[in-house]
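Chain residues, written in single-letter form:
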Amino acid sequence: MINSTSADARLRIFASASSWIEGAAVRQLEQVLGRRGVLAVAGMPDLHPGHKGPVGCAVLTEGIVHPDIVGTDIGCGMTAWLLDGVARRLRVEKAVQALSKLGDAGGLEPEDAVAAGIPADVAAAHAEALGTVGGGNHFVELQAVHAMVDGEACAAAGLEAGRLVLLVHSGSRGLGPEVLARHPFVHGEGLALEGAGRAYLADHDVALGFARLNRAVLAERAADLIGQDGKPWLDVPHNHVTVAGDLVLHRKGAAQADLGLVPVPGSRGAMTYVVAPDPDVPGALRSLAHGAGRKRDRASMHGRRRDAERPNPVGNRVICADRKLAMEEAPGAYKDIAQVVADLDAHGLARVVAILKPIVTFKTGRA
DNA sequence: ATGTCC
């Protein structure tokens, strides 16, 4: 079932033959094996090549931190809020108009960021970024419960047919790149955990909390804009490091599998699958796919206006004033999320609990 | 990914 082409037993790729995994991504994973301290590498079915390394993987090391595996967007992840409203009573056109204002949000005051647990120096420099979506694959999406696959788990989570959900994908904005730059290291060598690694991790943890707060502010503002009451449901990071004793677990585009339910979104023209992970699958490093994964890189989507203007396959309204971003993020740039989730199920990594259907997606209000 | 190139 595991179509790993590597002879190295430390590497496992959790994808079926029918999933499209680029050779370049597998080669990037094999390069990661050569880094100092690497014990194991897990590739997820949404694995794809990234600019500087593979996206959709987890890397376990002993005593070594590799900040460039996580990359610049430290703390990036998914937050979901459960709203009180239901889809059948939603005025879609009004919601589109309301959510179009999400980009106008002016950030938080530094004192409010401090009150939310952000250190004063970071709050002074970055509070304005809290509540901003950012670029790339980030989004805020209003969705509705479309199918309840595991009725018991849905009931436990408070899900019912048509219930509105807000899904937020964003990260630490300008803070993450700043933290990465503040901790220089030799590529492949990384940082000793009992040394410079600890200093990186302290800053990393602040960025992780900042990203989580950013998503919470986004969700709260989105709920306010559409006049809905709601409550936080889940928050799962997919770009971060966790440490247990001497073991250092890096995740790059791989969702943490031991925090309960995980939303696995497809493209911005596809369903989101809410799954219940099994964190103890051997070799999977307590991780699972964080989404559909890119099928085509950003550059190859440029000039493809036709892709960007193609009718949305699911019918959700996408707010994206930036035409270049719309082309890069067209649904055709992404793998089939149903196949990714089928692979997760086939390998025992996760089972589907519910399917969420997008209604309105906010990408950016700026051209 | 990034107040994204001054």
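Below: a short report on this structure. Predicted model, so just to flag it, every value in this text is computed and none were measured.

The next subject is the overall build of chain A. Within chain A, the secondary structure is distributed over 12 helices and 17 strands. For a compact globule of 367 residues, the expected C-alpha radius of gyration is about 21 Å, and chain A comes in at 20 Å, within 12% of that figure. In terms of principal-axis extent, the alpha carbons of chain A reach across some 55 × 50 × 45 Å. A total of 367 residues make up chain A; the buried ones form 57% of that total. Here chain A contributes 39 positively and 41 negatively charged side chains, and the mean placements of these two sets differ by 7 Å.

Around DNA strand B, the neighbouring residues are T72, D73, E128, G134, G135, G136, N137, H138, R173, G174, P177 and R298. Each atom of DNA strand B within 4 Å of the protein was classed as base or backbone; sugar and phosphate made up 82%. For the surface near DNA strand B, a count of residues per class yields 1 nonpolar, 7 polar and 4 charged.

Tallying each qualifying case throughout the model produces 0 aromatic pairs. Sitting over the ring of F139, R268 keeps its end group 3.7 Å from the ring centre. Seen from the ring of Y334, R294 lies directly overhead, with NZ or CZ sitting 5.2 Å from the centre.

Let's shift gears to helix α1 (residues 23–33). Three or more residues of α1 are buried, namely A25, V26, Q28, L29, V32 and L33. Seen end-on, α1 carries its buried residues on one side only, within an arc spanning 155 degrees. Seen from the open side of α1, the exposed residues pointing more than 90 degrees away from its buried face are R27 and Q31. On its buried face, α1 is in contact with β1 (11–13), β2 (38–49), β3 (54–62) and α2 (67–70).

Here we come to the pattern of salt bridges. Under the counting rule described, the total for this entry stands at 22 salt bridges. Two residues, R36 and E189, come together in a salt bridge whose shortest N-O distance is 3.5 Å. With R36 in the loop between α1 and β2 and E189 in the loop between α7 (175–182) and β8 (191–192), this pair connects stretches of sequence that are 153 residues apart. Take R36: its relative accessible area is 35%, and that puts it in the partly exposed class. Judged by relative accessible area, E189 falls into the partly exposed class, the value being 40%. In this structure, D307 engages R304 in a salt bridge whose closest nitrogen and oxygen atoms are separated by 2.9 Å.

The next point concerns the pairing of strand β17 (residues 350–364). The buried fraction of β17 is high, at 13 of 15 residues. Sheet topology note: the strand β6 (residues 139–148)/β17 ladder contains 8 bridges and is antiparallel. Looking at the pairing, A147 lines up with I355 of β17. Pairing of strand β14 (residues 272–277) with β17 involves 6 bridges; the strand directions are antiparallel. Pairing of Y273 across the sheet is with I355, part of β17. As judged from the 4 bridges shared by strand β16 (residues 317–320) and β17, these two strands associate in the parallel manner. Directly across from R317, in β17, lies its bridge partner V360.

Now for the nonpolar core. Judged by nonpolar contacts, the single largest core of 55 residues is most densely connected at L159, W233, L261, Y273, V275, L288 and I337. Core analysis: the second largest hydrophobic core is formed by 24 residues, W81, V96, V168 and V360 among them.

As a further point, take helix α8 (residues 193–225). The sharpest bend along α8 comes to roughly 25 degrees, located at A199. Two residues or fewer after α8 comes G227, characterised by a positive phi angle close to 70 degrees.

Moving on, we come to the sheet that holds β2. Spatial ordering of the open sheet is given by β1-β2-β3-β11-β10, a layout of 5 strands whose pairing is mixed. What marks the edges here is a single partner per strand, and that holds for β1 and β10 (239–244). Going across the sheet, the axis of each strand differs from the next one's by a mean of 15 degrees, ignoring polarity. When β2 meets β3, the two strands line up antiparallel, connected through 7 bridges. From the neighbouring strand, P49 faces β3, where its bridge partner is P54. Contacting β10 and β11 (247–252), α8 crosses the sheet at an angle of about 130 degrees to β10.

Turning next to unusual backbone geometry. Positive phi values are uncommon outside glycine, yet L285 reaches one of about 55 degrees. Its place among the elements puts L285 in the loop between β14 and β15 (287–289). Residue L285 is classed as buried on the basis of its relative accessible area of 14%. The phi dihedral of R286 is positive, around 50 degrees, even though this residue is not glycine. Within the secondary structure, R286 is located in the loop between β14 and β15. Given a relative accessible area of 33%, R286 falls into the partly exposed group.

Conventions used here
Residues numbered from 1 in each chain as written. Chains lettered and ligands numbered in written order. Predicted model: local features only at pLDDT ≥ 70, side-chain atom pairs only at ≥ 80, totals over all residues. Heavy atoms only, no water. Helix = DSSP H or I, 4+ residues; strand = E, 2+ residues; numbered from the N terminus. Rg over C-alpha atoms; globule rule 2.2 N^0.38 Å. Buried < 20%, exposed > 50% of the residue type's maximum accessible area, 1.4 Å probe, protein only. Lys, Arg positive; Asp, Glu negative; His and termini not counted. Charge placed at Lys NZ, Arg CZ, Asp CG, Glu CD. Near = heavy atom within 4 Å. Nonpolar A, V, L, I, M, F, W, Y, C, P; charged D, E, K, R; others polar. Phe/Tyr/Trp six-rings, centres within 6.5 Å; stacked < 30°, edge-to-face > 60°. Lys NZ or Arg CZ within 6 Å of the ring centre and 35° of its normal. Arc of directions from axis to C-beta. Contact = heavy atoms within 4.5 Å. Salt bridge = Lys/Arg side-chain N within 4 Å of Asp/Glu carboxyl O. Pairing = 2+ DSSP bridges. Core = buried A, V, L, I, M, F, W, Y, C linked by side-chain atoms within 4.5 Å. Bend = angle between axes of the 7 residues up to and from the residue. Axes fitted to C-alpha atoms, helices over the stretch in contact; angles between N-to-C directions.

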